[in-house]
Amino acid sequence: MEMVECSLVATLAPRPLPGRVRKALPRPAVLGGRARLRVLSAGLGREQPPPPQQAGVRASGPDHGGRTLGHAAVGLAAAAVVSLTGFSGDVSPLPAPPARAESLTVAFPVSKAREVNRVQKTLVETWGLIRETFVDPTFNHQDWDQKLQQTMVEIFPLKSADAAYSKISGMLSTLGDPFTRIISPMEYQSFRIGSDGNVQGVGVFINKEPSSGRLLVMDCIQGGPADRAGIHEGDELVEIDGKSVSGLDGEAAAQRLRGRVGTTVKVKLLDGTDSERGGSLRQKEVQLSREIINLSPVSTAIISHRSDDGHECKTGYVRLASFSQTAAAEMENAVKRMEDVGVQSYILDLRNNPGGLVKAGLDVAQIWLDGDETLVNTIDRDGNVLPINMIQGHSLTHDPLVVLVNEGSASASEILAGALHDNGRAILVGHRTFGKGKIQSVTELDDGSALFITVAKYLSPALHEIDQVGIQPDIQCSPDVLSLPRAPSLKENSEATSLEMDSCIMVAEQALEIEQTKGSAS
């Protein structure tokens, strides 16, 4: 049986910074019928890459079944920083210990299917990266070296790349962390497209209703394909291209709806207006063309009311839908505009914001905070806690602030809410947040797929757990999911009639009035 030896050579250095997308190096050359994968540290950045930082993986394992997994190292280099829904950003520099060179040689039988053989190499890359960086050094209390051998045996007789990838996914699932996963080259391209605030899709916002599990339309981009087709808030998504969406979350459904510009997707929905009228639900099926959708993560409105003494009071409402690369800059501009028109208090709405670039969340926090406050703490696989602090921060405003959160607020939303709350800057109103306090690295592998790895966890500035615990608000308020404001269509100085119907907005206003009274009394 022909065997392939993959020799991975690298300079070992600190673990990868969270959120940096790294690019695996060139495909192995085939010499004398034996492939040798030699991976060297080098900068391969794409979109304005930061200075190259060497990173690697190392491992040592026993001899299993006559196959030795020696000292491991996969050399990779820091490349572009990208954002994404539900994922972490570049948050903190780590000290660089002296580097050393080690290597790993893994021999495995060559699959007769060329596309499967390529996935065999991807398996070795995946295994090595997990071995070095995964947050749980026990790998969910299993022998990770043995898991490589087992998965390689399972992949060998397969005939297709899809089947082989499913085996890698199965291997990753044994880690007990649903956020550590591999995605296909096509899915990764969709991820990269969405990282700068632009999406190739149909212009619809989908969210899973917690109580029923239904996928509901939260809003449509005005003038976009979904809007033109008559899809509106409250419609329930049932099928995408003839396949049921049962069991999918909002992001998984969004991935199916996205795609190359000019292609089409067929969707089946239940008309939400029928349920509002108390009638039977009518199905509608429409074919949508995919287009470039420009998204702004920030939308605003000014809520005006009269105080007891007759004075006009202005509250600035800011809805942050995601933490894209432009989120902090757009937030800063919005706050400056509202300061110019005399806004006296603020409501920052993070409900149903699933996260994105953690760096964007930290940048947004510094718009509201002063000094050298701790924004968040990280805890690595060895239990080391590292605080991430501001450096001479200057808040744009010291006006009272309420932050709205719910069970759809996750990741960077929880970090931002924790930073503002624990530093005494904001009152939290709403419902307990999702509880996703994980730091993830994203690595582009040799075949164009991408590996997402949980490499550490976050703690709030007061060292409270976030992962699986969430952020608990000061004041409880949990309206029905469909009563949330139509964030993407809100514009500054709009009448914001939908906000007046939101019970959590009213609770937030009451909290702000109390804070303003305290400020006046002091």
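An unreviewed UniProt entry lists the protein under the name C-terminal processing peptidase, with Sorghum bicolor given as the organism. Listed in UniProt under the heading Subcellular location (unreviewed entry), the comment for the protein reads: "Plastid, Chloroplast thylakoid lumen". Under the heading Function (unreviewed entry), UniProt records this for the protein: "Protease involved in the C-terminal processing of the chloroplastic D1 protein of photosystem II. This proteolytic processing is necessary to allow the light-driven assembly of the tetranuclear manganese cluster, which is responsible for photosynthetic water oxidation."

> Explain the nonpolar core to me, please; I cannot follow it from the model alone.
The biggest cluster of nonpolar side chains holds 73 residues, and the ones touching the most others in it are Leu320, Met331, Leu348, Leu350, Trp368, Val403 and Leu420. When neighbours within four sequence positions are excluded, tryptophan 368 is seen to be in contact with Met331, Val335, Tyr346, Leu348, Ser395, Thr397, Leu401, Leu420 and Arg425. With 18 residues, the next largest nonpolar core counts Val202, Ile206, Leu237 and Val265 among its residues.

> It is not clear to me how the environment of aspartate 241 should be interpreted in this structure. Could you clarify?
Positionally, aspartate 241 belongs in the loop between β14 (236-240) and β15 (243-244). Considering only alpha carbons, one finds aspartate 241 and lysine 268, 27 residues apart in sequence, at a separation of 8.2 Å. With residues up to four places along the chain from it excluded, the contact list for aspartate 241 reads Val265 and Lys266.

> What am I meant to see in the pattern of salt bridges here?
Side chains that carry opposite charge are capable of pairing whenever their charged atoms lie near each other. In this structure the tally under the stated criterion is 14 salt bridges. As a salt-bridge pair, arginine 228 and glutamate 291 come within 2.6 Å of each other at their nearest N and O atoms. Note that arginine 228 is positioned in helix α5 (residues 225-228) and glutamate 291 in strand β18 (residues 291-294), a separation of 63 residues in sequence. A relative accessible area of 53% means that arginine 228 is categorised as exposed. Notably, a salt bridge pairs arginine 319 with aspartate 349, separated by 3.5 Å at the nearest N-O pair. Taken together, the residues arginine 319 in strand β20 (residues 312-320) and aspartate 349 in strand β21 (residues 345-349) connect sequence positions 30 residues apart. Since its relative accessible area comes to 9%, arginine 319 is described here as buried. Where salt bridges share partners, they join Asp177, Lys438, Lys457 and Asp467 into one cluster.

> I'm lost on the environment of valine 153 in this one. Help?
Relative to the helices and strands, valine 153 is located in helix α2 (residues 144-155). Overall, valine 153 belongs to the exposed group, its relative accessible area being 53%. Put simply, valine 153 and proline 109 are 44 residues apart on the chain and 8.7 Å apart in space, counted from C-alpha to C-alpha.

> Please clarify how helix α8 (residues 327-340) should be interpreted in this entry.
One turn of an α-helix holds 3.6 residues; hence residues three or four places apart share an orientation. End to end, α8 covers 20 Å across 14 residues, agreeing with the expected 20 Å (1.5 Å per residue, within 8%). All of the buried residues along α8 are Ala327, Ala328, Met331, Ala334, Val335 and Met338. Seen along its axis, α8 keeps its buried residues to an arc of 125 degrees; they face one direction. Among the structural elements, β19 (298-306), β20, β21 and α9 (358-368) are those in contact with the buried residues of α8.

> Quick question: what am I supposed to make of the packing of helix α1 (residues 114-133) against α2 here?
Two quantities define a packed helix pair, namely the angle between the helix axes and the distance between the axes. Contact pair α1 / α2: the axes reach a minimum separation of 11 Å and the direction vectors enclose 170 degrees. Taken together, α1 and α2 sit at an angle that is classed as roughly antiparallel. Each of Val116, Gln120, Leu123, Val124, Trp127, Ile130 and Arg131 in α1 lies in contact with α2, whose residues at this interface are Trp144, Asp145, Leu148, Thr151, Met152 and Ile155. Each residue belonging to the contact of α1 with α2 can be placed in one class, and the counts come to 9 nonpolar, 2 polar and 2 charged.

> Looking at this structure, how should I read the sheet that holds β19?
Pairing between sheet strands relies on hydrogen bonds along the backbone, with the strands arranged either parallel or antiparallel. Read across the open sheet, the 6 strands follow the order β19-β20-β21-β24-β25-β28; overall the sheet is mixed. Lying at the two open borders of the sheet, with one neighbouring strand each, are β19 and β28 (475-476). When strand β25 (residues 427-430) meets β28, the two strands line up parallel, connected through 2 bridges. Paired with glycine 430 across the two strands is glutamine 476, which belongs to β28. Packing of α8 onto the sheet brings it into contact with β19, β20 and β21, and relative to β19 it is tilted by some 25 degrees. Where helix α10 (residues 412-422) meets the sheet, its contacts fall on β21, β24 (401-405) and β25, and the angle it forms with β24 comes to roughly 145 degrees.

> Hey, could you run me through the packing of α2 against helix α3 (residues 161-173) in this one?
Relative to each other, α2 and α3 sit at 160 degrees, their axes nearing to 10 Å. Taken as axis vectors, α2 and α3 run roughly antiparallel relative to one another. Here α2 runs over α3; the crossing is right-handed. Counting all contacts with α2, which are made through Trp144, Lys147, Thr151, Glu154 and Ile155, the residues of α3 involved are Ala164, Lys167, Ile168 and Met171. Considered class by class, the residues forming the contact of α2 with α3 number 5 nonpolar, 1 polar and 3 charged.

The rules behind these values
Residues numbered from 1 in each chain as written. Predicted model: local features only at pLDDT ≥ 70, side-chain atom pairs only at ≥ 80, totals over all residues. Heavy atoms only, no water. UniProt positions renumbered as here; feature names shortened; annotations may be inferred. Core = buried A, V, L, I, M, F, W, Y, C linked by side-chain atoms within 4.5 Å. Buried < 20%, exposed > 50% of the residue type's maximum accessible area, 1.4 Å probe, protein only. Contact = heavy atoms within 4.5 Å. Helix = DSSP H or I, 4+ residues; strand = E, 2+ residues; numbered from the N terminus. Salt bridge = Lys/Arg side-chain N within 4 Å of Asp/Glu carboxyl O. Expected span 1.5 Å × (residues − 1). Arc of directions from axis to C-beta. Axes fitted to C-alpha atoms, helices over the stretch in contact; angles between N-to-C directions. Parallel < 35°, antiparallel > 145°, perpendicular 65-115°, else oblique. Nonpolar A, V, L, I, M, F, W, Y, C, P; charged D, E, K, R; others polar. Pairing = 2+ DSSP bridges. Left-handed = near helix turned anticlockwise from the far one by under 90°.

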